Amino acid sequence: MEKGSKRAILWLLVIPYIGLLWVPFYNSREPELFGFPFFYWYQLAFVPLTAFVTWIVYRSVRYDD
């Protein structure tokens, strides 16, 4: 993979950062999911999403041994 495309894939790591940084976007009770207000389940949904995005970036930029 070229250096430019490796640098571009690193921008994927910004998605979880911005998604959780913008609190007014998810500061509400509705809609609820399994009784959890949106405020909580939105943040909780970012845990596996962030892990998945981090895994994608790692697999894309790691060195071949």
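Residues numbered from 1 in each chain as written. Predicted model: local features only at pLDDT ≥ 70, side-chain atom pairs only at ≥ 80, totals over all residues. Heavy atoms only, no water.

Some remarks on the UniProt feature "transmembrane region" (unreviewed entry) in the protein chain
Within this numbering scheme, the UniProt entry marks residues 9-26 and 38-58 as carrying the feature "transmembrane region" (unreviewed entry). Secondary structure over residues 9-26 splits into 72% helix and 0% strand, and the C-alpha atoms at its two ends are 26 Å apart. Secondary structure content for residues 38-58 is 100% helix and 0% strand, and the end C-alpha separation is 30 Å. (UniProt positions renumbered as here; feature names shortened; annotations may be inferred. Helix = DSSP H or I, 4+ residues; strand = E, 2+ residues; numbered from the N terminus.)

Quick look at helix H4 (residues 38-61)
For H4, built from 24 residues, the straight-helix expectation of 34 Å at 1.5 Å per residue is met to within 8% by its first-to-last C-alpha distance of 34 Å. Of all the bends in H4, the greatest, near 25°, is centred on Val-47, and the proline Pro-48 appears no more than four residues after it. Considered for burial, the residues of H4 that qualify are Phe-38, Tyr-42, Phe-46, Val-53, Val-57 and Ser-60. (Expected span 1.5 Å × (residues − 1). Bend = angle between axes of the 7 residues up to and from the residue. Buried < 20%, exposed > 50% of the residue type's maximum accessible area, 1.4 Å probe, protein only.)

Re the environment of Arg-62
With respect to the helices and strands, Arg-62 occurs in the segment after H4. The exposure class assigned to Arg-62 is partly exposed, which follows from its relative accessible area of 36%. The sequence separation of Arg-62 and Lys-6 amounts to 56 residues, and the corresponding C-alpha distance is 9.5 Å.

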